Amino acid sequence: MAAVTGLVLGDAWLWVAATWTPPNYAGFAEHDRFDIVTTVAMFVSALVKAALLWLILRAPVPGPMNRQATALRWLLYLAVAYTLFLWYPIALFPDGVDLAFELVLFAAIDVLYLFVIRWRSGLLRAAAGVLFAIELAGVANDLLDQLDLLELPLSGGVGLFLMLSGPAATVITVMGQWRDGRWSRGTLTAGWLSVGVLALALPLNILLESISGGHTVVWVVMDAVQLVSLVWMAATARELPTEERLTDLRPGRQRALRVAVATVAVLPVITQIHPEQSAHLSYSGWSTECYDRPSFGDLKPEERDAMFLCLARNTADGVPPMFPDSLSDQGVLAYGRSLCRAKDREEQEAILKRAGSERPAWGANPWELVYVCPEIIGATRPELLRSTAEKEAANDSYIAEANAKCRDPWPRRKGVVQATANYFLFVDGDHGYVIHDPEDEAAEGAMDQAVDELYDDDGSPIGVAGSTVLVGHVEDVSDLCLTVKAFRTAPPLRTAGWELVNEVPIVSRSGRLSVPEMGDGEVGAGAPMPNLAIAGKGRYRLRVYVRLGETGEEHLVVVFPGASKKRLKVKP
């Protein structure tokens, strides 16, 4: 009746009849107009849901029940009511309340299932308990994740296992009901059909998407067929008092139900069998397993192909993937190994064009191909085979070796604080290094001003802007040896052996002056740098010595308190 009313009164009423939600829910608006496919889907779904609702609302079978059976009946009816309409007011509570409610509710139902159903087999009851526990563990993990508490790290296989525990728990519950003998064939059929709906959810979504091309039809149809599980729960609660199996159906209807149940059980398996030429896609650019990129040495051999599939289909920042989605996993791996054997960039480009890539001119990078052919890439780039720990150890060794080449150019004059280290610059050129007050909130824009002053045609490779001093390098270098020293008074002005000596003012507003240290993949000093503002907040003088020595370009920075604002070119 509601579906007919919807057809007569318009799309808004048809939406209400089919989805049991207000017209403004799930993206529907008054100006929307349904096409023919959507209208038919809405009408049929409304009729199906009305029929299933009639089955859900059938009166309970009278009869005596013990406490456990009574509690199970009320909890099952509560679960049905929650799924139908109670979810909405509960969803208005803070995050996690709905999942916590589900966890408590279904935990109680599962426990009562173990005691109320006459399993007639200790092994079957134990198996049911294990599956119930696994299913509830998945819900608990989701709850912890939503509350930003401890979340169990789940691999792809464990996540799939938890996802399948729900249908498996339903299967073993229906088997227990069948062995119990109290429930009718109609109830058992509803249980098997609910398992089929869970198993068919993914292929049915794909099928409806391909037929309708829209999300609305898929959502409405799935919303209707999923009511079968509520029919099963309501029927389970309704028939709890009976002591013997209810009257069986006639032979003809029994055969029809057997065919329907067999179809539901077998069809999900058939839908997962694809012809050889179809693309089998384990990972896409949006797969959660692809968010992190572990080092080659951190992966097991069986995990490396999956990592290459992630990289080959990556679409981060709007970049087209290396291979199209129409290409199967096996095809991607085969083309990847061909890229490893390519003699040059042109041959790689030809291979990518043959594969249908949208970016053939880009070729493939060795740090991507190493996951699919380590024996080839590792021969010329062995560093790509390292684990994260090995990379960190190699990086630490490289920095320590670079620091060891640098020596204190003024060893007889010890500062209150001092340090000597290699300062790493960008390989393709950098302005230089900075001495600044890292906590100065008024230093916004100071770096730009210092860069402008650095390139003024005044013969001084130093840019000054308040609490920031930028010291440029003389040669085109990627690193230099830097020594910093702080004194309480101005040290002797020595120029012998140095090619450039300049002195500039600098201010510390927070009581700190420092040189940035090298971070992960960034420029900076290769060792911890001290706080050069040894007298606290105030004005200081900063003297820079520069020369070209046997180890390359060497810099000595001397800092001491001083109120003068003059810039001195002691030795330009």
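All of the points below concern the structure found in this document.

Rules and cut-offs
Residues numbered from 1 in each chain as written. Predicted model: local features only at pLDDT ≥ 70, side-chain atom pairs only at ≥ 80, totals over all residues. Heavy atoms only, no water. Helix = DSSP H or I, 4+ residues; strand = E, 2+ residues; numbered from the N terminus. Expected span 1.5 Å × (residues − 1). Buried < 20%, exposed > 50% of the residue type's maximum accessible area, 1.4 Å probe, protein only. Arc of directions from axis to C-beta. Contact = heavy atoms within 4.5 Å. Axes fitted to C-alpha atoms, helices over the stretch in contact; angles between N-to-C directions. Parallel < 35°, antiparallel > 145°, perpendicular 65-115°, else oblique. Nonpolar A, V, L, I, M, F, W, Y, C, P; charged D, E, K, R; others polar. Pairing = 2+ DSSP bridges. Disulfide = S-S within 2.5 Å.

### What about helix 17 (residues 388-404)?
Piece 1. Taking 1.5 Å as the rise per residue, helix 17 with 17 residues should run 24 Å; its terminal C-alpha atoms sit 24 Å apart, in good agreement.
Piece 2. What helix 17 keeps buried is the set I399, A402 and N403. Along the axis of helix 17, the buried positions cluster into a sector of 100°, meaning they face one direction only.
Piece 3. Buried residues in helix 17 make contact with strand 1 (417-424).

### With respect to the environment of E439
Piece 1. With respect to the helices and strands, the residue E439 is situated in the loop between strand 2 (432-436) and helix 18 (446-454).
Piece 2. E439 has contacts with S510 and R512, leaving out every residue within four places of it along the chain.

### Looking at the packing of helix 5 (residues 97-116) against helix 6 (residues 122-146)
Piece 1. Closest axis-to-axis distance for the helix 5/helix 6 pair is 10 Å, and the angle between their directions is 175°. Classified by the interaxial angle, the pair formed by helix 5 and helix 6 is roughly antiparallel. Where helix 5 abuts helix 6, its residues D98, L99, A100, L103, F106, A107, D110, Y113, L114 and F115 lie against R125, A128, G129, F132, E135, L136, V139, A140, D142, L143 and Q146.
Piece 2. Taken together, the residues of the contact of helix 5 with helix 6 break down into 14 nonpolar, 2 polar and 5 charged.

### As for the packing of helix 12 (residues 301-312) against helix 13 (residues 329-341)
Piece 1. Interaxial distance between helix 12 and helix 13 falls to 10 Å at its minimum, and their mutual angle equals 90°. As the angle between them shows, helix 12 and helix 13 are arranged roughly perpendicular. Two secondary-structure elements touch here, helix 12 through D305, F308, L309 and A312 and helix 13 through D329, V332, L333, G336 and R337.

### Topic: the sheet that holds strand 3 (residues 462-465)
Piece 1. Pairing in this open sheet of 3 strands is antiparallel, and the strands run 2-4-3 from one edge to the other. Unpaired on one side and paired on the other, strand 2 and strand 3 mark the two borders of the sheet. When the angles between neighbouring strand axes are averaged without regard to direction, this sheet yields 15°.
Piece 2. The sheet contacts of helix 18 involve strand 2, strand 3 and strand 4 (468-472), and relative to strand 3 the element is tilted by about 145°.

### Considering the state of the cysteines
Formally, a disulfide is one covalent bond, and it connects the sulfur atom of one cysteine to the sulfur atom of another.
Piece 1. Inspection of every chain in the model, using the stated rule, returns 2 disulfides.
Piece 2. Here C340 connects covalently by a disulfide to C373, the sulfurs 1.6 Å from one another. Taking the sign of the S-S torsion, about -70° here, the bridge from C340 to C373 comes out left-handed. A residue pair is termed long-range when its members are at least 10 positions apart, and C340 in helix 13 and C373 in the loop between helix 15 (366-369) and helix 16 (374-380) qualify at 33 residues. Exposure class is identical for C340 and C373. Each is buried.
Piece 3. Across the disulfide from C406 sits C481; the S-S distance is 2.0 Å. Its torsion about the S-S bond being -80°, the disulfide of C406 and C481 is classed as left-handed. Of this pair, C406 sits in the loop between helix 17 and strand 1 while C481 sits in strand 5 (residues 479-486), and the two are 75 residues apart along the sequence.
Piece 4. Among the residues examined, C406 registers a relative accessible area of 6% and is labelled buried.

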